[in-house]
Amino acid sequence: MRHHALPAYVPGALTRARSTLVRDPALATDAEARLVEAIAEEQRAHERRRTELQQQLAVLRAVADPLRDGLLFGTGRPLEDAVHDVLKAAGATVTRLDDVYGTKSADLLAEYGGRRFLVEVKSANNRPPHSLPDKLLKHLNTWPGLNGTEPVDGGVLVVNHQIKLQPAQRDVEVYTDRAFADALTVPVIGSARLFDWWRCEDWDAVRHTVFGDTGGAQPPETAVPDADPKAPGRPGLLSRLRR
């Protein structure tokens, strides 16, 4: 009675009851066995590829994390190192001037395409003071008097500003005072902007901003010195900066 009732009320129950036996690999057809092995090989290949990709990602992050942290949250030497690495990645030859002249000069000397620029690197917890560009301009004035220096074509100020805020909450421009920004005469760029160009590998933008080449980037902000007609070499300096 039970053998007749079970199929009637639960169709397929007997087949399911024998499923262990039915799906025994020893009883599989050749076609089934081939597909089972193909699926297993696909899974193994997927795991191998996943492991390879995870290893590649770990290598990339080991390089990117310090630079990303330096450009977005760094101060002092870590920020300077990050700017140094971006300029190097863009194809420039970069010298750490602090190791040569100490605080008497800017932080970096960047060279590309026959042009040479001093790079001063600064940070500010909030909006940066208007006095920061003067620090670069002072270095440009004193540069010719340092031993063993060759003429430079100008200078660039890089600022990591509003560090206390998350990057997305910061001002896009270093200086939001339009009257001040419009009067600037040497490049002033945010380190967050360098980061954006670096992560997209937009080396033309980096080179255009620092060296004035004809890449696709928009002209950066520029800084103006305090007026001092008696300052030696100032007219020549300004003429070079405007090129």
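With that settled, the discussion passes to the overall build of the protein chain. Check the secondary structure of the protein chain and you find 11 helices and six strands. Every one of the 243 residues in the protein chain was classed for burial, and the buried ones make up 37%. Here the analysis covers contacts within the protein chain between residues at least 6 apart in sequence; of these, 60% occur between residues at least 24 apart. With an accessible surface of roughly 14,800 Å², the protein chain has 54% of that area assigned to carbon and sulfur atoms.

In the contact formed by helix α5 (residues 76-89) and helix α10 (residues 203-211), the axes pass within 9 Å of each other and the chain directions differ by 110 degrees. By the angle between their axes, α5 is roughly perpendicular relative to α10. On the side of α5, the interface is formed by Val86, Leu87 and Ala89, while α10 contributes Trp203, Val206 and Val210. Residues belonging to the contact of α5 with α10 are distributed by class as follows: six nonpolar, no polar and no charged.

Two measures describe an aromatic ring pair: the distance that separates the ring centres and the angle between the ring planes. Tallying each qualifying case throughout the model produces five aromatic pairs. Geometrically, the ring pair formed by Tyr112 and Phe211 is tilted, given 5.6 Å between the ring centres and 40 degrees between the ring planes. Here the residue Tyr112 occupies a position in strand β2 (residues 108-112), and Phe211 occupies one in helix α10, the gap between them amounting to 99 residues. Looking at Tyr112, the relative accessible area reads 29%, which means it is partly exposed. In this structure Phe211 comes out as buried when scored by relative accessible area, which is 3%. On the numbers, 4.9 Å between centres and 70 degrees between planes, the contact of Tyr175 with Phe180 is edge-to-face. Both residues of the pair, Tyr175 and Phe180, belong to the buried class. Cluster of aromatic residues (ring-pair linked, three or more members): Tyr112, Phe117 and Phe211. For the cation-ring pair, Arg170 lies above Phe73, with the distance from its terminal atom to the ring centre recorded as 5.3 Å.

For the rest of this paragraph, the subject is the pattern of salt bridges. Within the structure shown, the criterion is met by 15 salt bridges. Between Arg48 and Glu41 there is a salt bridge, with its nearest N and O atoms 3.0 Å apart. By relative accessible area, Arg48 is classed as partly exposed at 45%. Residue Glu41 is classed as partly exposed on the basis of its relative accessible area, which comes to 32%. In this structure, the salt-bridge partner of Asp65 is Arg68, at a minimum N-O distance of 2.6 Å. With a gap of three residues between them, Asp65 and Arg68 both fall in helix α4 (residues 30-73), about one helical turn apart.

The subject of this paragraph is unusual backbone geometry. In this structure, Gln162 is a non-glycine residue whose phi angle is positive, near 55 degrees. As for its position among the elements, Gln162 is in the loop between β4 (154-161) and α8 (178-182).

Residues with a pLDDT of 70 or more make up 78% of the protein chain, whose mean pLDDT is 83. Contacts for the low-pLDDT stretch residues 214-243, under 50 throughout, to residues beyond four places or in other chains number 62 contacts.

Inspection of the secondary structure assignment puts Arg207 in helix α10. Here Arg207 falls in the buried class, since its relative accessible area comes to 14%. Reaching out from Arg207, the side chain makes a polar contact with the side chain of Asp204 at a distance of 2.7 Å.

The rules behind the values
Residues numbered from 1 in each chain as written. Predicted model: local features only at pLDDT ≥ 70, side-chain atom pairs only at ≥ 80, totals over all residues. Heavy atoms only, no water. Helix = DSSP H or I, 4+ residues; strand = E, 2+ residues; numbered from the N terminus. Buried < 20%, exposed > 50% of the residue type's maximum accessible area, 1.4 Å probe, protein only. Contact = heavy atoms within 4.5 Å. Areas by Shrake-Rupley, 256 points an atom, 1.4 Å probe, with all protein chains shown as cover. Axes fitted to C-alpha atoms, helices over the stretch in contact; angles between N-to-C directions. Parallel < 35°, antiparallel > 145°, perpendicular 65-115°, else oblique. Nonpolar A, V, L, I, M, F, W, Y, C, P; charged D, E, K, R; others polar. Phe/Tyr/Trp six-rings, centres within 6.5 Å; stacked < 30°, edge-to-face > 60°. Lys NZ or Arg CZ within 6 Å of the ring centre and 35° of its normal. Salt bridge = Lys/Arg side-chain N within 4 Å of Asp/Glu carboxyl O. pLDDT = per-residue confidence, 0-100. Polar contact = N/O pair within 3.5 Å; in protein donor to acceptor, adjacent residues only side chain to side chain.

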